[in-house]
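Here is how the chains run, residue by residue.
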Amino acid sequence: MKIKVLKFGGTSVATKEARAAAAQRVFDAREQGFSPIAVVSAIGRKGAPYATDTLINEFKEVNPQLPAIARELDLIMACGEIISAAIFSQSCRSLGFKAAAVTGMQAGISTDGKFGNARIVSVDPKKILALLERDVTPVICGFQGSPVDEPDEITTLGRGGTDTTAAAIGAAVKACAVEIYTDVDGIKTADPDSVPNAPTLRRMSYDEVAELAHLGAKVLHPRAAEIAMRYSIPLWVKNSFSGDEGTEIVSEDVSYSRNVTGITHSGKLVYLQFDLAKLSQMDRAKLERQLFAMCARFGIALHMLNLSPEGVGFAINREQYANAERLLDGLVIPIASGKDFILQLGTASQKVQAQQEMLRHVQPVVAEKTEGCTMISVIGRTYFGKPGVFYRILRILHEAKVQVFQTADSDFSVSFLIPETETYRAVRVVHDNLVPESVS
Amino acid sequence: MQAGQTQFEAPRGVSEIEVRHGFAQVHFVLGSRELTIKRLEVLKVIAEAGVSHKYLQLTQNGLALIIAEAQVAEMEELLNKAGITFELNKGRSMILVKSIGLWEEPGTIASIVEAAIASGVQVDHVGDMHDRMYMVVKGEVAEDTAAKFREHLTGRKN
């Protein structure tokens, strides 16, 4: 049995016509001798009646003051894919072949039980294989599974979870290909919103696509790329709405022909730069230890960390920033008897002023706060490590009058923290200077 | 297996701690006026001389970067010739803490830095990417520090 997994994202099943076109692809796969498995996302994007975000909003609007229980949120979020799978299996049957909607649990997907962001522990494809044996095409709900320890519960797999489902099912049934259908012609060298004429990459390695995905490319979730890499499953990203050949993702390194694979942007960040230049080394160490201990204890995710003789800087996701500010702004850090520091994020808040009024001996440690930041990244397996790369990109950004607050780099990528308002322009100018010469 | 890790998906959390030896940190203090232009001037000199570097960071009044120890003499000559003042920390090693999806793991980077500070080691240079965090420390303390991290962050002694 030659099994092929076809995953359809929200826009690919958003309308009756789109579902008919997607079902036709499943039909065509059958005609070509494959035993296809469909994996579907919830119908449409934000605003569509059964889209995941719509369901979450319905739930939260009941009482915005009441904290959402993760288990209940997972139940409602999972409904989007269940509705989608049931409707899509009907679309398949209307083309004259047998299909059955299957929940994540029925598909044998077991998770670690973490509501809202579960990881797949195992996949038992017994039911899926039995359906295929009977010539019934399974239409699997993406983004969900059941905890190993509590199989009657539903957990969701986090953002991009339907890609993860498709890759996991592909690995479990030893599929000869997993095809991810979306609304663009494959993986491009930049987000088409920034660079409308960005070329499509025809062949990429798992490493390249994982790096792109981690740094913000939205066509494929990094967890899916990692599973595909781990189990060596041939992966394709294709356009639901065109006959384009798409992007093939393979295990061998195919990046030798290009310096730069792509430019991405990601994240809405707030950058904090603490001025510690006037502190003694001992005081600074005590302060830094308590600062990081607080961030660790309360689960604040830090990015682009920087320690220098002048101070310490890091970025925080905007979604988390309110929590971080509640935690850190006005925090009094005792250093020694009669010697306390108070953290101040940006201009002194009422909380900081009140603390200073009450504890007159406290010394403020001020962090310069830069709101509205984002990160653009340049990815290329062979580019970094060559002399002059940083200089070249920083010069391009400087000439385009894009301010750079911080940089970070890895073996295959380099990232720049910039004002969010400059995102598209920065991506475009870096892309125009680096990519045309490198894509083959 | 740590909580949250699975056998099916790639493991999350800290997967590996590696020590790489033979680095030097170059730190440039350039002042606050026309800082961007001054940074570019320094990087241009280095680029035109064909010296590669990694882990560039923008500091409040300059920049810092890491080079291979083998490039120190060349870098010193180059910068002296160009009249650029700099501080050089030789004999450094790099501790790489690898963790897939590090940026999405709440509190992980903070806990690694806290562990470093608690160990009393002086960290000259630190940075992070989505899959790793690195710390540059004196070569002679790198292996011991990495062993402490390994035990603290992965529960493994070696």
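Within every chain, residues take consecutive numbers counted from 1 along the sequence as written. Note on labels: chains are lettered from A, ligands numbered from 1, in written order. Since the coordinates come from a predicted model, pLDDT governs what is reported: local features require at least 70, and pairs of side-chain atoms require 80 or more to be given and counted, while whole-chain, interface and lining totals use all residues. Side-chain numbers come from the whole structure's heavy atoms, not from hydrogens or water.

**Student:** Summarise the pattern of salt bridges; cite the residues concerned and give the values.
**Tutor:** Think of it this way: side chains of opposite charge can pair up when their charged atoms draw near. Residue and element names in this part refer to chain A. Here a salt bridge means any side-chain nitrogen of Lys or Arg lying within 4 Å of a carboxyl oxygen belonging to Asp or Glu. According to the stated counting rule, one finds 27 salt bridges over all chains in the structure shown. Glu 248 is the partner of Arg 203 in a salt bridge, and the nearest nitrogen-oxygen pair spans 3.3 Å. Taken together, the positions of Arg 203 in strand E10 (residues 203–205) and Glu 248 in strand E12 (residues 247–250) put the pair 45 residues apart, joining distant regions of the chain. Where Glu 422 meets Arg 425, a salt bridge forms, and the shortest distance between an N and an O atom there is 2.9 Å. Starting at the N terminus, helices and strands are each numbered in turn, a helix being any DSSP run of H or I of at least four residues and a strand any DSSP run of E of at least two.

**Student:** Explain the pairing of strand E3 (residues 62–68) of chain B to me, and be specific about the residues and the numbers.
**Tutor:** Residue and element names in this part refer to chain B. Whether a residue is buried, partly exposed or exposed follows from its accessible area with a 1.4 Å probe, protein chains only, as a fraction of its type maximum: under 20%, in between, or over 50%, in that order. When you tally the buried positions in E3, you get six out of seven residues, the bulk of the element. Pairing of strand E1 (residues 16–29) with E3, which is carried by seven bridges, proceeds in the antiparallel orientation. Following the sheet pairing, Val 26 is matched in E3 by Leu 65. Two elements, strand E2 (residues 54–59) and E3, share four bridges in a ladder whose sense is antiparallel. A pair of strands counts as paired when DSSP detects no fewer than two bridges linking them.

**Student:** Quick rundown of empty space enclosed by the protein? Include the residues and the values.
**Tutor:** Using only the protein atoms, space was sampled on a 1 Å grid; points where a 1.4 Å probe fits but cannot get out form cavities, open sets with protein on both sides within 12 Å along at least five of seven lines form pockets, and lining residues are those with an atom within 4 Å of a point. Grid points are joined across faces, edges and corners, and a volume is the space filled by probe spheres set on the points. Per the stated rule, a full pass over the model turns up one cavity of 30 Å³ or more. When its volume is computed, the largest cavity comes out at roughly 80 Å³. Lining the largest cavity we find 13 residues, and of these A:Phe384, A:Gly385, A:Val389, A:Phe390 and B:His53 sit closest to its centre. Under the scheme applied, nonpolar residues are Ala, Val, Leu, Ile, Met, Phe, Trp, Tyr, Cys and Pro; charged residues are Asp, Glu, Lys and Arg; polar residues are all the others, including Gly. Classifying every residue of the lining of the largest cavity gives four nonpolar, six polar and three charged.

**Student:** Go over the interface of chain B and chain A with me, naming the residues and quoting the values.
**Tutor:** Each partner contributes residues to the interface: chain B has 53 residues there, and chain A has 62 residues. Surface buried jointly by chain B and chain A totals about 5,000 Å² across both partners, of which 59% is contributed by carbon and sulfur atoms. Accessible area that two parts lose when put together, evaluated with a 1.4 Å probe and summed over both, is termed the buried area. Counting the surface chain B buries against chain A, the share from its top three residues, B:Phe8, B:Gln60 and B:Trp103, is 16%. Remark: the boundary between chain B and chain A carries four salt bridges. Of all the secondary structure elements, the ones that give two or more residues to the side of chain B that touches chain A are E1, helix H1 (35–48), E2, helix H3 (108–118), strand E5 (125–129) and strand E6 (132–138) of chain B. Per-element accounting of the side of chain B that touches chain A gives the leading share, seven residues, to H3(B). Along the lines of polarity and charge, the residues of the side of chain B that touches chain A split into 23 nonpolar, 19 polar and eleven charged. Working rule for contacts: check all heavy atoms of both residues, and any pair within 4.5 Å makes them a contact.

**Student:** Explain helix H1 (residues 16–31) of chain A residue by residue, including any values.
**Tutor:** Residues and elements named next belong to chain A. In a helix, the anticipated span is given by 1.5 Å times the number of residues less one. For H1, which comprises 16 residues, the first-to-last C-alpha distance of 22 Å matches the rise-based estimate of 22 Å (1.5 Å per residue) to within 8%. Here H1 has its buried residues at Ala 18, Arg 19, Ala 22, Ala 23, Val 26, Ala 29 and Arg 30. Each buried residue of H1 lies within a common arc of 135° when the element is viewed along its axis, so the set occupies one face. Every exposed residue of H1 that faces more than 90 degrees away from the buried side is listed here: Glu 17 and Glu 31. Here the buried face of H1 lies against strand E1 (3–8), strand E2 (35–40), helix H3 (70–93) and strand E6 (137–141). In the segment just after H1, Gly 33 is the residue with positive phi, at about 95°. Directions drawn from the helix axis to the C-beta atoms are what define this arc.

**Student:** Any details on the sheet that holds strand E4 (residues 109–111) of chain A? Residues and values, ideally.
**Tutor:** Adjacent strands of a sheet form backbone hydrogen bonds with each other and so pair up, either parallel or antiparallel. Across the sheet, which stays open at both edges, the four strands sit in the order E5-E4-E7-E8 (chain A) with mixed pairing between neighbours. With one partner strand each, in any of the chains shown, strand E5 (120–123) and strand E8 (155–156) of chain A form the two edges of the open sheet.

**Student:** Account for the environment of A:His303, naming residues and giving values.
**Tutor:** By the secondary structure assignment, A:His303 is in strand E14 (residues 302–308). Taking the C-alpha atoms as reference points, A:His303 and A:Lys401, 98 residues apart in sequence, are found 24 Å from one another. What A:His303 contacts, discounting residues up to four positions off in sequence, is A:Leu269, A:Phe314, A:Ala315, A:Asn317, B:Trp103 and B:Asp128.

**Student:** Which residues make up the confidence of the model for chain B, and what values do they have?
**Tutor:** Residue and element names in this part refer to chain B. In the predicted model, chain B carries a mean pLDDT of 86, and 91% of its residues have values of at least 70. Confidence drops under a pLDDT of 50 for residues 1–5, and excluding neighbours within four residues, the segment shows twelve contacts in the predicted structure. Interface confidence in the predicted complex, given as ipTM, is 0.88; pTM for the same model is 0.87. pLDDT is a per-residue confidence score from the predictor, ranging from 0 to 100.

**Student:** I'd like to hear about the layout of surface pockets, residue by residue, with values.
**Tutor:** Where empty space is left in the structure can be found by rolling a water-sized probe over the atoms. Its volume calculated, the second largest pocket comes out at about 630 Å³. What lines the second largest pocket is a set of 29 residues, and nearest its centre among them are A:Gln281, A:Arg284, A:Glu288, B:Gln122 and B:Val123. Elements with a minimum of two residues in the lining of the second largest pocket: helix H8 (281–297) and E14 of chain A together with E1, E2, strand E4 (87–98) and H3 of chain B. The biggest single contributor to the lining of the second largest pocket is H8(A), with five residues. Taken together, the residues of the lining of the second largest pocket sort by class into eleven nonpolar, twelve polar and six charged.

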